[in-house]
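Observations on the model geometry
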Amino acid sequence: MNVEISDLTRRFGRHQAVDGVNLQAGPGVFGLLGPNGAGKTTLLRMMATVIPPTTGRLQLLGRDPGAYGTRREVRRRLGYLPQSLGYYPGFTVAEFVEYFALLKEMPPSRVPGAVATAIERVDLGGRARARLRTLSGGMLRRVGIAQAIVNEPELLLLDEPTAGLDPEQRVHFRALLRDLGQQATVVVSTHLVEDVGAACSQVALMDQGKIVFQGTPAELTARGTEHGTGDAPLERGYTAVLAAARS
Amino acid sequence: MSVPHDEAPADVDLGRVWISVAAQVWRRQPGRLERTAARLLRSPGLARALLTTPSLLVPWLIASIVVLAAGAAATLGSGQPVVALLAPALAAAAIAFAYGPGVDPAWELSCSMAVSDRMVLLARALAVFALNAALGLAASAVSTLPASGAAAAVTFGWLVPMTAVCALALAVATVTRSASAGAAAGVAAWLITVLSGRVAGGHFGAAVTDTVLFLPYLAIGAGCAVVVLYATRIPRGILR
């Protein structure tokens, strides 16, 4: 298992953002669904080693990221796209992706090829030498995805990756996700259930800091056959599970 | 074997060929300074962070303004060593804010990188002081400027010594692979610099007995204790 989490909590002052989460994930695309404020982003930030847990056990790629040495090792094999990713407007696309490839301690000889591959995979080859300040929001999001996959991570964490992408780009991105999930563990946090239905083999639903459902998208769909509301079958499963958790 | 000029051989992966061409076309050639820094720091990523520091314009301006203001207070102010002792803390806080969560747009992402964000911060501090020292030297050299005396005082009394202190801190951090050890070495070096300046001026007794200095000494001692405690803390993320 690339991700093993037990009884994980994270508290900000009096607010319990993540409350006793247990999770295991191996290779494949894992969807993290839930309403705004459910704790998805906090959970993802802990998995990205950006913030430490308050209590609980977190194992990433078979290692405990609590110690500096193992954390560094994990980070070399990690890809992360934050929910709100800032950019250096004066950098070109290639410079930005290269900068983070170097900070991930990739061997310098491998960096040019990896940068080119990542940029092509997100379909930005034509803008590789464009300054980031000249790109649209959707293109910037793809630059963010390129830096996340540049080191061919074994654990890829994407927070709202399809925000700002147009429908054609989203279709392309879901295909990329499925491809990446062949080798790596890809955890995608989103509130768009159609992304989960199209790309994920496993899904967890979070609410108020807890995981209230874990299974396949088909199992989530099955929960909504009688009580759920929504236009799509998966949406009905989503609302049914949330309603049951809150009742 | 002849191949029609409008078709590729069947066993050629055009995608792979294009990637290798694109890698060469988009490749950025690091300059001599960056290559040297990468060798010295044993990290191409840290060298890149060092060299890109001034290009992040807003953080650069904020950090430079506070560094120069702290330097002016330390060298042109009352002459109290307490100001000289506390000025680096103010400068470090400003650099940490400007290249941290305060202004750096990619800060969150930087926190998930293998090269530690604290090592990057030490490199940023060196870049801020070194470039400002170079500008200060240039301003001091132009003796026709009305403020060249003040520029020389700030440059030689603050920017150049602090550049050396930052370089020492980064060197110690690189050798020990610990940013905390580097920061502690930098604090100690600055303390010695200020106190030796007092000795040279015949004020060593005052530097030891002056009650005004007790507070900054306590602050520096507490700061070093915090660094040591933090560096040797029980790792978080384990079951407790």
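Residues numbered from 1 in each chain as written. Chains lettered and ligands numbered in written order. Predicted model: local features only at pLDDT ≥ 70, side-chain atom pairs only at ≥ 80, totals over all residues. Heavy atoms only, no water.

1. Observations concerning the packing of helix α2 (residues 32-41) of chain B against helix α3 (residues 44-52) of chain B
All names here are of chain B. The cut-off we apply is this: In this analysis an axis means a line fitted to C-alpha atoms, helices contributing only their contacting stretch, and an angle means the value between N-to-C directions, from 0 to 180 degrees. Going along the chain from the N terminus, every DSSP run of H or I of four or more residues is numbered as a helix, and every run of E of two or more is numbered as a strand. Roughly parallel refers to an angle under 35 degrees, roughly antiparallel to one over 145, roughly perpendicular to one between 65 and 115, and oblique to any angle outside these ranges. Put simply, a crossing is left-handed when the front helix is turned counterclockwise from the back one by less than a right angle, and right-handed when it is turned clockwise. Only heavy atoms enter the contact rule, under which two residues are in contact if any of them lie within 4.5 Å. Polarity classes work like this: nonpolar for Ala, Val, Leu, Ile, Met, Phe, Trp, Tyr, Cys and Pro, charged for Asp, Glu, Lys and Arg, and polar for all others, with Gly in that last group.
Closest axis-to-axis distance for the α2/α3 pair is 8 Å, and the angle between their directions is 130°. In terms of axis orientation, α2 runs oblique to α3. In the packing of α2 onto α3, the handedness of the crossing is right-handed. Where α2 abuts α3, its residues L33, E34, A37, A38 and L41 lie against P44, L46, A47, R48, L50 and L51. Residue classes in the contact of α2 with α3 are distributed as 9 nonpolar, no polar and 2 charged.

2. Some points on the sheet that holds strand β3 (residues 28-33) of chain A
All names here are of chain A. Short version of the rule: At least two bridges found by DSSP between two strands is the condition for calling them paired.
The sheet built from 6 strands is open, its strands ordered β5-β6-β7-β3-β8-β9 with mixed pairing. The open sheet has two edge strands, β5 (78-81) and β9 (210-215), and neither has a second partner. Taking the axes of each pair of neighbouring strands and ignoring which way they run, one obtains an average angle of 15° across the sheet. Strand direction decides the pairing type here: β5 and strand β6 (residues 155-159), joined by 4 bridges, are parallel. Residue pairing for β6: L81 is matched across the bridge by L158. Sheet strands touched by helix α9 (residues 233-246): β3, β8 (202-207) and β9. Its angle to β8, the strand with the most contacts, is close to 40°.

3. Notes on the packing of α3(B) against helix α7 (residues 117-141) of chain B
Residues and elements named next belong to chain B. Between α3 and α7, the least distance of the axes is 8 Å, while the angle of their chain directions is 40°. In terms of crossing hand, the pair formed by α3 and α7 is right-handed. The segment α3 lies against α7, with L46, A49, L50 and T52 engaging M119, V120, A123, R124, L126 and A127. Of the residues belonging to the contact of α3 with α7, the class tally is 8 nonpolar, 1 polar and 1 charged.

4. Concerning the interface of chain A and chain B
Short version of the rule: By convention, the term buried area covers the 1.4 Å-probe accessible surface removed from two parts as they join, with the contributions of both added. The salt bridge criterion pairs a side-chain nitrogen of Lys or Arg with a carboxyl oxygen of Asp or Glu, the two atoms within 4 Å. Throughout this description, a polar contact denotes any pair of N or O atoms lying within 3.5 Å of each other; where both atoms belong to protein, one of them has to be capable of donating a hydrogen while the other can accept it, and for residues adjacent in sequence the pair is counted only when both atoms sit in side chains.
At the junction of the two partners, chain A supplies 47 residues and chain B supplies 37 residues. Summing the contributions of chain A and of chain B, the shared interface buries around 3,600 Å²; its carbon and sulfur component is 64%. Among the residues of chain A in contact with chain B, A:R75, A:Y88 and A:L103 are the three that bury the most area, contributing 17% of the side total. Here chain A and chain B share 3 salt bridges between them. A salt bridge links A:R45 to B:E108; the nearest nitrogen and oxygen atoms lie 2.9 Å apart. The interface formed by chain A and chain B holds 11 residue pairs in polar contact (both at pLDDT 80 or more) in total. Broken down by element, the residue count for the side of chain A that touches chain B peaks at 7 residues, all from helix α3 (residues 93-103) of chain A. Of the residues in the side of chain A that touches chain B, the class split is 24 nonpolar, 10 polar and 13 charged.

5. Some points on the pairing of strand β1 (residues 3-12) of chain A
Residue and element names in this part refer to chain A. Bridge count for β1 against strand β2 (residues 15-25) is 8 bridges, and the pairing is antiparallel. Bridge assignment links I5 to a residue of β2, and that residue is L23. From the end of β1 to the start of β2, which pair antiparallel, there are 2 residues, and G13 there has a positive phi angle of about 65°. Both β1 and strand β4 (residues 55-60) contribute to a ladder of 5 bridges, which runs antiparallel. Bridging from a neighbouring strand, S6 pairs with R57 of β4.

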